[in-house]
Amino acid sequence: MTTDTIGEAEPMPETTATGKTTTNNIKKDGHKRNKIIYWVTTGFLAFGMLAGGVQQLLQIGYVEIFTQLGYPLFLMPILGVWKILGVVAVLVPKYPLLKEWAYAGFFFVMSGAAISHIMVSQPIYEALPALVLLIVTVVSWYFRPESRKLSSRKQ
């Protein structure tokens, strides 16, 4: 490995049995890293949204939060169903357009929740779960594999 002027390591190409150099291992390592990031964040996102969705669907634990934020309680089961369906959409293979909609829905609901907590002058720690899930949503979306992206759809 060599280092550049700011001290970051640059990967050295490897030599194959034929004497040619290749950077395939470097690309494979990056692909593997991205895949791990995707599945870890997507697993966390799926767990968080599924847990929240079930609680909202059954109106367990969120009644006080919705009341404090000034939202009508009839929204809880609606959001719960949509979160559960969004988790299914993100996890199943194929259907890239549906995945885009699910990620957009997660983004809107989590950013809306965080902003709602802030707008009613609650302490920032009340908005932290929504902010964490918002960040996880963006990271999962960004690192999704090509097969799960809308642009990879065959036309």
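Keep in mind it's a predicted model, so treat the numbers as computed, not measured.

Undergrad: Go over the nonpolar core with me, naming the residues and quoting the values.
TA: Grouped together as the largest cluster of nonpolar side chains are 17 residues, with contacts concentrated most on Leu45, Met49, Phe106 and Met110. Counting residues per element, the ones that place at least two in this core are α1 (24-57), α3 (75-91), α4 (96-119) and α5 (124-142). Setting aside its immediate chain neighbours within four residues, leucine 45 contacts Tyr103, Phe106, Leu133, Val136, Thr137 and Ser140.

Undergrad: Which residues make up the environment of valine 90, and what values go with them?
TA: Residue placement: valine 90 occurs in helix α3. The class of valine 90 is buried, set by a relative accessible area of 3%. Through-space distance from the C-alpha of valine 90 to that of tyrosine 103 is 7.5 Å; in sequence the pair is 13 residues apart.

Undergrad: Quick rundown of the side chain of arginine 148? Include the residues and the values.
TA: Checked against the element boundaries, arginine 148 lands in the segment after α5. Reaching out from arginine 148, the side chain makes a polar contact with the side chain of tyrosine 38 at a distance of 3.5 Å. Within the structure, the side chain of arginine 148 is placed 2.8 Å from the backbone oxygen of valine 90, a separation counted as a polar contact. Excluding its chain neighbours within four sequence positions, the residues that come into contact with arginine 148 are Tyr38, Trp39, Val90, Leu91, Val92, Pro93, Pro96 and Lys99.

Undergrad: So what's going on with the packing of α3 against α4? Which residues, and what values?
TA: Remark: α3 packs on α4, axes separated minimally by 9 Å, with the N-to-C direction vectors making an angle of 140°. As summarised for this structure, α3 and α4 are arranged oblique, according to the angle between their axes. For the element pair α3 and α4, the recorded crossing hand is left-handed. Here Leu79, Lys83, Gly86, Val87, Ala89, Val90 and Leu91 of α3 lie close against α4, whose contacting residues are Leu98, Lys99, Ala102, Tyr103, Phe106, Val109 and Met110. Classifying every residue of the contact of α3 with α4 by side-chain character gives eleven nonpolar, one polar and two charged.

Undergrad: Report on unusual backbone geometry, specifying residues and quantitative values.
TA: Of note in this structure, lysine 94 is not a glycine but carries a positive phi near 70°. If you trace the backbone, lysine 94 turns up in the loop between α3 and α4. Here serine 121, not a glycine, exhibits a phi torsion of approximately 60°, which is positive. Assignment of secondary structure puts serine 121 in the loop between α4 and α5.

Thresholds applied
Counting from 1, residues in each chain are numbered in the order their sequence is written. The model is predicted, so local features are restricted to residues of pLDDT at least 70 and side-chain atom pairs to those at 80 or more, both for listing and for counting; the totals for chains, interfaces and linings are taken over all residues. Hydrogens and water are ignored here; the side-chain numbers use all heavy atoms of the structure. Note on terminology: a nonpolar core comprises buried Ala, Val, Leu, Ile, Met, Phe, Trp, Tyr and Cys residues joined through side-chain atoms within 4.5 Å. Relative accessibility thresholds used throughout: buried, under 20% of the residue-type maximum; exposed, over 50%; partly exposed, between the two (1.4 Å probe, protein chains only). Helix numbering and strand numbering both begin at the N terminus, where a helix is a DSSP run of H or I of at least 4 residues and a strand a DSSP run of E of at least 2. Residue contacts are counted whenever heavy atoms from the two residues lie within 4.5 Å of one another. Within 3.5 Å is the distance limit for a polar contact, defined as a pair of N or O atoms, with the added protein rule that one can donate a hydrogen and the other accept it, and that residues adjacent in sequence qualify only through two side-chain atoms. Inter-axis angles, ranging from 0 to 180 degrees, are taken between N-to-C directions of lines fitted to C-alpha atoms, where helices are fitted over the stretch in contact. Here roughly perpendicular refers to angles of 65 to 115 degrees, roughly parallel to angles under 35, roughly antiparallel to angles over 145, and oblique to all remaining angles. Helix crossings get a hand from a simple test, with the near helix turned counterclockwise from the far one by less than a right angle marking a left-handed crossing and a clockwise turn marking a right-handed one. Only Asp, Glu, Lys and Arg are considered charged, only Ala, Val, Leu, Ile, Met, Phe, Trp, Tyr, Cys and Pro nonpolar, and every remaining residue, Gly among them, polar.

Don't take any of this as a statement about function, it's just geometry.
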